[in-house]
Amino acid sequence: MDKLVDSIIITKPDDWHVHFRDGEMLDAVIFDTVKQFSRAIIMPNLSEPITTTNMAKNYRHRILDSLARLKKNNQISKESSFTPLMTLYLTDNTKPEEVLNAHSSGFVFAFKLYPAASTTNSTAGVSNLFENCREVLEKLQYIGMPLLIHAELPDKNIDIFDRERFFIDKIMTPLRRDFPDIKLVFEHVSTKEGVDFVMEDTGPIAATVTPQHLIYNRNSLFSGGLNPHLYCLPILKAEEHRKAILKAVFSGSARFFLGTDSAPHIRSLKENRCGCAGCYNAYNAMALYASIFDENNSLDKLEAFASFNGPDFYGLPRNRDFFVLHRKENIIPDMLEIGKIQLIPLGAGSTINWCI
Ligand code: DOR
Ligand code: ZN
(Lines give C-alpha, C1' and ligand atoms only; values in the text may rest on other atoms or scores of the structure.)
(Ligands and ions follow the chains in the order given, each with its own letter.)
Protein backbone atom coordinates (compact mmCIF):
# COMPACT_ATOMS: atom_id res chain seq x y z
CA MET A 1 0.00 0.00 0.00
CA ASP A 2 1.19 3.52 -0.82
CA LYS A 3 2.72 5.00 2.29
CA LEU A 4 1.19 8.37 1.52
CA VAL A 5 -2.46 7.33 1.35
CA ASP A 6 -4.47 9.68 3.47
CA SER A 7 -7.24 7.30 4.34
CA ILE A 8 -7.99 3.60 4.26
CA ILE A 9 -11.24 1.72 4.15
CA ILE A 10 -11.39 -1.72 5.70
CA THR A 11 -14.10 -4.19 6.61
CA LYS A 12 -15.54 -3.20 9.99
CA PRO A 13 -13.30 -4.70 12.70
CA ASP A 14 -14.12 -6.68 15.85
CA ASP A 15 -12.39 -6.67 19.23
CA TRP A 16 -11.67 -10.24 20.34
CA HIS A 17 -10.78 -9.30 23.95
CA VAL A 18 -12.31 -6.48 25.94
CA HIS A 19 -13.23 -5.73 29.56
CA PHE A 20 -16.52 -3.85 29.76
CA ARG A 21 -16.93 -4.13 33.56
CA ASP A 22 -20.40 -3.35 34.86
CA GLY A 23 -22.66 -0.55 36.16
CA GLU A 24 -21.34 3.00 35.79
CA MET A 25 -18.06 1.86 34.28
CA LEU A 26 -19.88 -0.14 31.61
CA ASP A 27 -21.90 2.94 30.68
CA ALA A 28 -18.71 5.03 30.60
CA VAL A 29 -16.67 2.77 28.30
CA ILE A 30 -19.06 0.96 25.99
CA PHE A 31 -19.27 3.84 23.50
CA ASP A 32 -15.55 3.71 22.74
CA THR A 33 -15.79 0.08 21.66
CA VAL A 34 -19.07 0.44 19.82
CA LYS A 35 -17.82 3.39 17.75
CA GLN A 36 -15.11 1.16 16.24
CA PHE A 37 -16.12 -2.48 16.44
CA SER A 38 -19.09 -4.57 15.31
CA ARG A 39 -18.57 -7.31 17.86
CA ALA A 40 -16.44 -7.90 20.92
CA ILE A 41 -15.52 -10.84 23.09
CA ILE A 42 -16.54 -9.72 26.59
CA MET A 43 -14.27 -10.84 29.40
CA PRO A 44 -16.02 -12.46 32.37
CA ASN A 45 -13.75 -11.27 35.23
CA LEU A 46 -16.25 -9.04 36.98
CA SER A 47 -15.87 -8.66 40.75
CA GLU A 48 -18.38 -11.50 40.85
CA PRO A 49 -17.08 -13.59 37.94
CA ILE A 50 -19.47 -14.70 35.18
CA THR A 51 -19.25 -18.45 35.75
CA THR A 52 -22.57 -19.70 34.37
CA THR A 53 -24.59 -19.30 31.20
CA ASN A 54 -27.37 -17.77 33.22
CA MET A 55 -25.03 -15.12 34.65
CA ALA A 56 -23.78 -14.43 31.13
CA LYS A 57 -27.36 -14.02 29.98
CA ASN A 58 -28.00 -11.37 32.63
CA TYR A 59 -24.69 -9.62 31.99
CA ARG A 60 -25.44 -9.58 28.26
CA HIS A 61 -28.78 -7.90 29.00
CA ARG A 62 -27.04 -5.24 31.08
CA ILE A 63 -24.71 -4.59 28.13
CA LEU A 64 -27.62 -4.37 25.70
CA ASP A 65 -29.43 -2.02 28.10
CA SER A 66 -26.37 0.19 28.25
CA LEU A 67 -26.29 0.21 24.45
CA ALA A 68 -29.96 1.16 24.35
CA ARG A 69 -29.22 4.12 26.63
CA LEU A 70 -26.54 5.30 24.18
CA LYS A 71 -29.08 5.18 21.39
CA LYS A 72 -31.71 6.94 23.44
CA ASN A 73 -29.24 9.75 24.21
CA ASN A 74 -28.33 9.93 20.51
CA GLN A 75 -24.71 9.05 21.26
CA ILE A 76 -24.90 6.40 18.58
CA SER A 77 -27.34 6.10 15.72
CA LYS A 78 -30.47 4.03 16.19
CA GLU A 79 -29.43 1.81 13.27
CA SER A 80 -25.95 0.99 14.54
CA SER A 81 -25.54 -2.58 15.65
CA PHE A 82 -23.12 -4.09 18.12
CA THR A 83 -23.02 -7.69 19.27
CA PRO A 84 -21.46 -8.65 22.61
CA LEU A 85 -19.98 -12.15 22.43
CA MET A 86 -20.11 -13.52 25.95
CA THR A 87 -17.59 -15.76 27.70
CA LEU A 88 -17.65 -17.86 30.86
CA TYR A 89 -15.04 -17.79 33.59
CA LEU A 90 -13.55 -21.23 34.19
CA THR A 91 -13.16 -22.32 37.81
CA ASP A 92 -12.01 -25.47 39.58
CA ASN A 93 -15.71 -26.26 40.02
CA THR A 94 -17.07 -25.60 36.53
CA LYS A 95 -19.38 -28.47 35.60
CA PRO A 96 -18.83 -30.14 32.22
CA GLU A 97 -22.57 -29.65 31.54
CA GLU A 98 -21.97 -25.91 31.65
CA VAL A 99 -20.07 -26.23 28.37
CA LEU A 100 -23.19 -27.73 26.81
CA ASN A 101 -25.41 -24.99 28.30
CA ALA A 102 -23.03 -22.35 27.02
CA HIS A 103 -22.87 -23.82 23.56
CA SER A 104 -26.60 -24.23 23.16
CA SER A 105 -27.29 -20.70 24.47
CA GLY A 106 -26.17 -19.14 21.19
CA PHE A 107 -24.66 -16.14 23.03
CA VAL A 108 -21.64 -17.67 24.80
CA PHE A 109 -18.67 -18.11 22.50
CA ALA A 110 -15.79 -19.21 24.71
CA PHE A 111 -14.49 -20.09 28.15
CA LYS A 112 -11.74 -18.02 29.76
CA LEU A 113 -8.97 -19.57 31.80
CA TYR A 114 -7.51 -17.30 34.45
CA PRO A 115 -4.89 -19.10 36.50
CA ALA A 116 -5.84 -18.32 40.12
CA ALA A 117 -4.24 -15.08 41.35
CA SER A 118 -2.77 -14.20 37.96
CA THR A 119 -4.51 -10.85 37.39
CA THR A 120 -7.54 -8.62 38.15
CA ASN A 121 -10.41 -10.59 39.75
CA SER A 122 -8.73 -13.93 39.26
CA THR A 123 -8.89 -15.32 42.80
CA ALA A 124 -11.76 -17.58 41.70
CA GLY A 125 -9.66 -18.78 38.76
CA VAL A 126 -8.24 -22.23 38.21
CA SER A 127 -5.77 -23.58 40.75
CA ASN A 128 -4.95 -26.82 38.92
CA LEU A 129 -6.16 -27.17 35.35
CA PHE A 130 -5.23 -30.80 34.83
CA GLU A 131 -6.56 -32.02 38.17
CA ASN A 132 -9.79 -30.05 38.23
CA CYS A 133 -10.87 -29.28 34.68
CA ARG A 134 -10.16 -32.33 32.51
CA GLU A 135 -13.80 -33.11 31.81
CA VAL A 136 -14.52 -29.51 30.92
CA LEU A 137 -11.53 -29.48 28.58
CA GLU A 138 -12.80 -32.66 26.95
CA LYS A 139 -16.21 -31.10 26.39
CA LEU A 140 -14.68 -27.91 24.95
CA GLN A 141 -12.59 -29.97 22.59
CA TYR A 142 -15.56 -32.10 21.57
CA ILE A 143 -17.87 -29.14 20.97
CA GLY A 144 -15.22 -26.95 19.36
CA MET A 145 -15.67 -24.04 21.75
CA PRO A 146 -12.48 -22.00 22.21
CA LEU A 147 -10.60 -21.82 25.49
CA LEU A 148 -9.17 -18.33 25.94
CA ILE A 149 -6.04 -18.38 28.02
CA HIS A 150 -4.40 -15.83 30.29
CA ALA A 151 -1.03 -17.47 29.77
CA GLU A 152 0.91 -16.58 32.91
CA LEU A 153 2.09 -18.75 35.76
CA PRO A 154 1.46 -16.64 38.86
CA ASP A 155 4.14 -18.09 41.08
CA LYS A 156 5.89 -15.80 43.57
CA ASN A 157 9.14 -17.53 42.78
CA ILE A 158 8.91 -16.79 39.07
CA ASP A 159 10.09 -13.43 37.85
CA ILE A 160 7.14 -11.42 36.52
CA PHE A 161 8.83 -11.06 33.12
CA ASP A 162 9.14 -14.87 32.83
CA ARG A 163 5.58 -15.84 33.74
CA GLU A 164 4.41 -16.33 30.17
CA ARG A 165 7.44 -18.41 29.24
CA PHE A 166 6.98 -20.69 32.25
CA PHE A 167 3.27 -21.05 31.56
CA ILE A 168 4.06 -22.38 28.09
CA ASP A 169 6.24 -25.16 29.49
CA LYS A 170 4.04 -26.02 32.46
CA ILE A 171 0.55 -25.65 30.94
CA MET A 172 0.36 -24.95 27.20
CA THR A 173 2.61 -27.78 26.09
CA PRO A 174 0.92 -30.52 28.16
CA LEU A 175 -2.49 -29.04 27.35
CA ARG A 176 -1.87 -29.44 23.64
CA ARG A 177 -0.37 -32.91 24.16
CA ASP A 178 -3.46 -34.13 26.04
CA PHE A 179 -6.03 -32.23 23.94
CA PRO A 180 -4.68 -32.17 20.38
CA ASP A 181 -7.85 -30.67 18.90
CA ILE A 182 -8.94 -28.14 21.52
CA LYS A 183 -9.31 -24.63 20.11
CA LEU A 184 -7.00 -22.29 22.01
CA VAL A 185 -6.55 -18.54 22.04
CA PHE A 186 -3.28 -17.37 23.53
CA GLU A 187 -4.57 -14.04 24.83
CA HIS A 188 -2.49 -10.83 24.73
CA VAL A 189 0.67 -12.59 23.62
CA SER A 190 3.64 -10.71 25.06
CA THR A 191 6.79 -12.76 24.42
CA LYS A 192 8.85 -14.26 21.64
CA GLU A 193 8.24 -17.68 23.22
CA GLY A 194 4.49 -17.09 23.09
CA VAL A 195 4.68 -16.09 19.43
CA ASP A 196 6.79 -19.15 18.64
CA PHE A 197 4.37 -21.45 20.43
CA VAL A 198 1.43 -20.08 18.44
CA MET A 199 3.34 -20.24 15.16
CA GLU A 200 4.54 -23.82 15.68
CA ASP A 201 1.56 -25.42 17.41
CA THR A 202 0.02 -28.31 15.52
CA GLY A 203 -3.60 -27.80 16.65
CA PRO A 204 -6.20 -25.06 16.21
CA ILE A 205 -4.74 -21.98 17.87
CA ALA A 206 -4.59 -18.22 17.55
CA ALA A 207 -3.34 -15.28 19.59
CA THR A 208 -4.80 -11.88 20.33
CA VAL A 209 -2.48 -8.90 20.22
CA THR A 210 -2.99 -5.64 22.14
CA PRO A 211 -1.92 -2.17 21.00
CA GLN A 212 0.30 -1.75 24.06
CA HIS A 213 2.30 -4.91 23.38
CA LEU A 214 2.85 -3.73 19.78
CA ILE A 215 3.79 -0.15 20.64
CA TYR A 216 5.66 -0.23 23.93
CA ASN A 217 8.40 -2.21 25.62
CA ARG A 218 9.29 -2.47 29.29
CA ASN A 219 11.52 0.60 29.11
CA SER A 220 8.37 2.60 28.36
CA LEU A 221 7.10 1.67 31.83
CA PHE A 222 9.95 3.66 33.38
CA SER A 223 10.77 6.30 30.78
CA GLY A 224 10.92 9.71 32.47
CA GLY A 225 9.48 8.18 35.65
CA LEU A 226 7.06 5.44 36.59
CA ASN A 227 4.13 5.17 34.15
CA PRO A 228 1.30 3.38 35.95
CA HIS A 229 -1.00 3.65 32.94
CA LEU A 230 1.27 1.30 31.00
CA TYR A 231 1.08 -1.32 33.72
CA CYS A 232 -0.91 -4.28 32.47
CA LEU A 233 -0.69 -8.05 32.73
CA PRO A 234 1.06 -9.69 31.08
CA ILE A 235 3.55 -6.92 31.77
CA LEU A 236 5.30 -5.23 28.85
CA LYS A 237 8.45 -7.10 27.89
CA ALA A 238 11.90 -6.26 26.49
CA GLU A 239 12.27 -4.91 22.96
CA GLU A 240 13.22 -8.27 21.44
CA HIS A 241 9.80 -9.58 22.44
CA ARG A 242 7.96 -6.60 20.99
CA LYS A 243 9.90 -7.10 17.77
CA ALA A 244 8.87 -10.77 17.66
CA ILE A 245 5.20 -9.82 18.07
CA LEU A 246 5.45 -7.20 15.32
CA LYS A 247 7.12 -9.70 13.02
CA ALA A 248 4.43 -12.32 13.61
CA VAL A 249 1.58 -9.86 13.06
CA PHE A 250 3.13 -8.37 9.91
CA SER A 251 3.96 -11.84 8.56
CA GLY A 252 0.28 -12.01 7.68
CA SER A 253 -0.19 -15.25 9.62
CA ALA A 254 -3.93 -15.75 10.16
CA ARG A 255 -3.16 -16.96 13.68
CA PHE A 256 -2.81 -13.40 15.01
CA PHE A 257 -5.72 -11.05 15.41
CA LEU A 258 -6.94 -7.95 17.19
CA GLY A 259 -7.82 -8.10 20.87
CA THR A 260 -7.36 -4.81 22.67
CA ASP A 261 -7.55 -6.13 26.24
CA SER A 262 -8.96 -2.70 27.00
CA ALA A 263 -9.13 -2.87 30.80
CA PRO A 264 -10.44 0.32 32.42
CA HIS A 265 -9.64 1.15 36.03
CA ILE A 266 -10.50 4.57 37.43
CA ARG A 267 -7.54 6.92 37.61
CA SER A 268 -7.28 6.82 41.40
CA LEU A 269 -6.92 3.03 41.32
CA LYS A 270 -4.13 3.25 38.73
CA GLU A 271 -2.26 6.09 40.44
CA ASN A 272 -2.30 4.31 43.73
CA ARG A 273 -0.03 2.85 46.39
CA CYS A 274 -0.81 -0.49 44.76
CA GLY A 275 -2.02 0.34 41.26
CA CYS A 276 -4.31 -1.95 39.26
CA ALA A 277 -3.15 -3.72 36.10
CA GLY A 278 -4.81 -2.74 32.85
CA CYS A 279 -4.59 -0.18 30.05
CA TYR A 280 -7.62 1.74 28.85
CA ASN A 281 -6.99 1.59 25.12
CA ALA A 282 -10.51 1.39 23.66
CA TYR A 283 -10.68 5.17 23.22
CA ASN A 284 -8.24 5.18 20.30
CA ALA A 285 -7.76 1.50 19.61
CA MET A 286 -8.07 1.44 15.82
CA ALA A 287 -6.03 4.64 15.42
CA LEU A 288 -3.28 3.16 17.60
CA TYR A 289 -3.21 -0.07 15.59
CA ALA A 290 -3.22 1.86 12.29
CA SER A 291 -0.34 4.04 13.48
CA ILE A 292 1.90 1.13 14.43
CA PHE A 293 1.04 -0.79 11.25
CA ASP A 294 1.77 2.34 9.21
CA GLU A 295 5.09 2.99 10.98
CA ASN A 296 6.08 -0.51 9.92
CA ASN A 297 4.87 -0.10 6.32
CA SER A 298 2.28 -2.79 6.94
CA LEU A 299 -1.05 -1.02 6.54
CA ASP A 300 -1.93 -3.62 3.94
CA LYS A 301 -1.97 -6.22 6.75
CA LEU A 302 -4.36 -4.30 8.99
CA GLU A 303 -7.65 -5.51 7.52
CA ALA A 304 -6.96 -9.23 7.91
CA PHE A 305 -5.64 -8.67 11.45
CA ALA A 306 -8.57 -6.51 12.55
CA SER A 307 -11.46 -7.89 10.52
CA PHE A 308 -10.83 -11.34 8.99
CA ASN A 309 -8.63 -13.56 11.15
CA GLY A 310 -10.79 -13.30 14.26
CA PRO A 311 -14.16 -14.26 12.76
CA ASP A 312 -12.49 -16.93 10.63
CA PHE A 313 -11.00 -18.53 13.74
CA TYR A 314 -14.25 -18.33 15.73
CA GLY A 315 -16.22 -19.67 12.77
CA LEU A 316 -18.34 -16.51 12.52
CA PRO A 317 -19.13 -14.50 9.40
CA ARG A 318 -16.93 -11.55 8.53
CA ASN A 319 -18.63 -8.16 8.91
CA ARG A 320 -20.17 -6.69 5.81
CA ASP A 321 -20.01 -2.99 6.56
CA PHE A 322 -16.94 -0.80 6.26
CA PHE A 323 -14.76 1.36 8.44
CA VAL A 324 -12.64 4.37 7.51
CA LEU A 325 -9.36 5.52 9.04
CA HIS A 326 -7.75 8.85 8.17
CA ARG A 327 -4.14 9.90 8.27
CA LYS A 328 -4.46 12.99 10.40
CA GLU A 329 -2.78 14.37 13.53
CA ASN A 330 -4.54 12.88 16.55
CA ILE A 331 -3.63 14.34 19.91
CA ILE A 332 -4.62 11.87 22.61
CA PRO A 333 -6.18 13.66 25.58
CA ASP A 334 -4.46 13.60 28.96
CA MET A 335 -7.60 12.35 30.60
CA LEU A 336 -11.19 11.35 29.84
CA GLU A 337 -13.93 12.45 32.23
CA ILE A 338 -17.18 10.60 31.80
CA GLY A 339 -19.53 11.72 34.55
CA LYS A 340 -17.65 11.01 37.77
CA ILE A 341 -15.29 8.55 36.12
CA GLN A 342 -11.78 9.63 35.22
CA LEU A 343 -9.85 7.41 32.83
CA ILE A 344 -6.40 7.86 31.36
CA PRO A 345 -6.40 6.61 27.76
CA LEU A 346 -3.46 4.66 26.37
CA GLY A 347 -0.95 7.09 24.87
CA ALA A 348 -2.37 10.04 26.86
CA GLY A 349 -0.69 13.29 25.89
CA SER A 350 1.02 11.87 22.82
CA THR A 351 0.26 12.47 19.16
CA ILE A 352 -0.40 9.74 16.62
CA ASN A 353 -0.90 10.03 12.87
CA TRP A 354 -4.22 8.27 12.44
CA CYS A 355 -7.78 8.82 13.55
CA ILE A 356 -11.23 7.40 12.82
O1 DOR B 1 -3.82 -5.85 32.70
C2 DOR B 1 -4.79 -6.57 32.80
N3 DOR B 1 -5.99 -6.11 33.23
N4 DOR B 1 -4.65 -7.87 32.49
C5 DOR B 1 -5.64 -8.75 32.72
O6 DOR B 1 -5.44 -9.91 32.45
C7 DOR B 1 -6.90 -8.33 33.33
C8 DOR B 1 -7.15 -6.91 33.11
C9 DOR B 1 -8.24 -6.37 34.01
O10 DOR B 1 -9.29 -6.99 34.07
O11 DOR B 1 -8.05 -5.33 34.63
ZN1 ZN C 1 -7.94 -9.11 29.52
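By the naming in an unreviewed UniProt entry, the chain goes by Dihydroorotase and is assigned to Candidatus Kinetoplastidibacterium crithidiae TCC036E. Listed under Function (unreviewed entry) in UniProt, the entry text for the chain is "Catalyzes the reversible cyclization of carbamoyl aspartate to dihydroorotate." What the UniProt record of the chain gives under Catalytic activity (unreviewed entry) is the line "(S)-dihydroorotate + H2O = N-carbamoyl-L-aspartate + H(+)".

Student: Any chance you could explain the packing of aromatic side chains here in plain terms?
Tutor: Aromatic rings in a pair are described by how distant their centres are and how their planes are angled relative to each other. Counted by the stated rule, this structure contains ten aromatic pairs. For the ring pair Phe313 and Tyr314, a centre distance of 5.9 Å and an interplane angle of 80° mean the geometry is edge-to-face. For the pair formed by Phe313 and Tyr314, the shared burial category is buried. Taken together, Trp16, Phe257, Phe313 and Tyr314 form an aromatic cluster joined through their ring pairs. A cation sits over an aromatic face here: Lys183 above Phe313, 5.1 Å from the ring centre.

Student: Help me understand the sheet that holds strand E13 (residues 351-355), please; the structure alone is not making it clear to me.
Tutor: Note: strands within a sheet are paired through backbone hydrogen bonds, in either parallel or antiparallel orientation. Spatially, the three strands line up as an open sheet ordered E1-E10-E13, and their pairing is antiparallel. Looking along the sheet, the strands with just one partner apiece sit at the ends: strand E1 (7-11) and E13. Going across the sheet, the axis of each strand differs from the next one's by a mean of 30°, ignoring polarity. Running at roughly 105° to E13, helix H12 (residues 285-295) makes contact with E1, strand E10 (322-331) and E13 of the sheet. This element, helix H13 (residues 302-314), spans E1 and E10 of the sheet and lies at about 25° to E1.

Student: It is not clear to me how the coordination of the zinc ion (ligand 2) should be interpreted in this structure. Could you clarify?
Tutor: Perfect tetrahedral coordination of a metal by four donors corresponds to 109.5 degrees between them, and perfect octahedral coordination by six donors corresponds to 90 or 180 degrees. Taken together, His17 (NE2), His19 (NE2) and Asp261 (OD) make up the full set of protein donors to the zinc ion (ligand 2), lying 2.0 to 2.1 Å away. Each donor residue of the zinc ion (ligand 2) belongs to the same chain, with the gaps between them written as H-x1-H-x241-D. Taken as a pair, His19 in the loop between strand E2 (15-18) and helix H1 (23-34) and Asp261 in the loop between strand E9 (256-258) and helix H11 (267-270) lie far apart in primary sequence, 242 residues in all. You can call His19 buried: its relative accessible area is 7%.

Student: For this particular structure, what's the right way to read empty space enclosed by the protein?
Tutor: This structure, assessed with the given rule, holds three cavities of 30 Å³ or more. Within this model, the largest cavity holds a volume of roughly 120 Å³. Per-class residue counts for the lining of the largest cavity are five nonpolar, nine polar and three charged.

Student: Whenever I open this one, unusual backbone geometry confuses me. Can you help?
Tutor: Excluding glycine, most residues fall at negative phi; most peptide bonds, likewise, are trans. In this structure, the amide linkage connecting Leu233 to the following residue, Pro234, adopts the cis form with an omega of 0°. Within the element layout of this structure, Pro234 appears in the loop between helix H9 (218-222) and helix H10 (239-250). Of note, Arg21 is a non-glycine position whose phi angle comes to about 60°, a positive value. Residue placement: Arg21 occurs in the loop between E2 and H1. In the Ramachandran plot, Asp261 falls in the positive-phi region, its phi being about 55° despite a non-glycine side chain.

Student: Even after reading the chapter, I still don't get the UniProt feature "binding site: Zn(2+) 2" (unreviewed entry) in the chain, so can you show me in this structure?
Tutor: UniProt annotation of "binding site: Zn(2+) 2" (unreviewed entry) refers to Lys112, His150 and His188 when read in the numbering used here. In three dimensions, the annotated residues from a span of 77 residues occupy one location, with a maximal C-alpha spread of 12.7 Å. When the annotated set is filtered for residues lining the largest cavity, what remains is Lys112, His150 and His188. Relative to the elements of secondary structure, Lys112 occurs in strand E5 (residues 108-113). Residue Lys112 is classed as buried on the basis of its relative accessible area, which comes to 0%. Dropping the residues within four chain positions of it, Lys112 is found in contact with His17, Met43, Pro44, Leu88, Tyr89, Leu90, Leu148, Ile149, His150 and Glu187. Here His188 falls in the buried class, since its relative accessible area comes to 2%. In contact with His188, other than residues within four places in its own chain, are His17, His150, Glu164, Thr208, Thr210, His213, Leu233, Pro234 and Asp261. A distance of 3.4 Å separates polar atoms of two side chains, one belonging to His188 and the other to His150.

Student: Teacher, can you tell me more about the UniProt feature "domain: Amidohydrolase-related" (unreviewed entry) in the chain here?
Tutor: The UniProt feature table records "domain: Amidohydrolase-related" (unreviewed entry) at residues 15-318. As a span, residues 15-318 carries 43% helix and 12% strand, and end to end its C-alpha atoms are 13 Å apart.

Student: Would you mind going over the side chain of Ser253 with me for this structure?
Tutor: Along the chain, Ser253 falls in the loop between H10 and E9. Excluding residues within four positions of it along the chain, Ser253 makes contact with Met199, Ala248 and Asn309.

Student: What is the right way to look at the layout of surface pockets in this model?
Tutor: Approximately 300 Å³ is the volume found for the largest pocket. Taken together, 16 residues line the largest pocket, and the ones lying closest to its centre are Arg21, Asp22, Leu46, Ser47 and Asn121.

Student: Mind showing me how you'd approach the sheet that holds strand E6 (residues 147-149) here?
Tutor: Ordered by their spatial adjacency, eight strands build an open sheet running E2-E3-E4-E5-E6-E7-E8-E9, and the pairing between neighbours is parallel. Strand pairing shows two members of the sheet lacking a second neighbour, E2 and E9, which therefore form its edges. In this sheet, adjacent strand axes meet at a mean angle of 30° when their direction is disregarded.

Student: Mind showing me how you'd approach the nonpolar core here?
Tutor: Phe20, Leu129, Leu147, Met286 and Phe293 are the most contacted members of the largest nonpolar core, which totals 98 residues. The element best represented in this core is H12, accounting for eight residues. Those residues within four positions of Met286 in sequence are excluded, and the remaining contacts are Ile10, Pro13, Gln36, Phe37, Leu258, Leu302, Ala306, Phe323, Leu325 and Ile356.

Thresholds applied
- Residues numbered from 1 in each chain as written.
- Chains lettered and ligands numbered in written order.
- Predicted model: local features only at pLDDT ≥ 70, side-chain atom pairs only at ≥ 80, totals over all residues.
- Heavy atoms only, no water.
- UniProt positions renumbered as here; feature names shortened; annotations may be inferred.
- Phe/Tyr/Trp six-rings, centres within 6.5 Å; stacked < 30°, edge-to-face > 60°.
- Buried < 20%, exposed > 50% of the residue type's maximum accessible area, 1.4 Å probe, protein only.
- Lys NZ or Arg CZ within 6 Å of the ring centre and 35° of its normal.
- Pairing = 2+ DSSP bridges.
- Helix = DSSP H or I, 4+ residues; strand = E, 2+ residues; numbered from the N terminus.
- Axes fitted to C-alpha atoms, helices over the stretch in contact; angles between N-to-C directions.
- Contact = heavy atoms within 4.5 Å.
- Donors = N, O, S within 2.8 Å, 3.2 Å for Na, K, Ca; no water.
- 1 Å grid on protein atoms, 1.4 Å probe; cavity = no way out; pocket = protein on both sides within 12 Å on 5 of 7 lines; lining within 4 Å.
- Points joined across faces, edges and corners; volume = space filled by probe spheres on them.
- Nonpolar A, V, L, I, M, F, W, Y, C, P; charged D, E, K, R; others polar.
- Polar contact = N/O pair within 3.5 Å; in protein donor to acceptor, adjacent residues only side chain to side chain.
- Core = buried A, V, L, I, M, F, W, Y, C linked by side-chain atoms within 4.5 Å.

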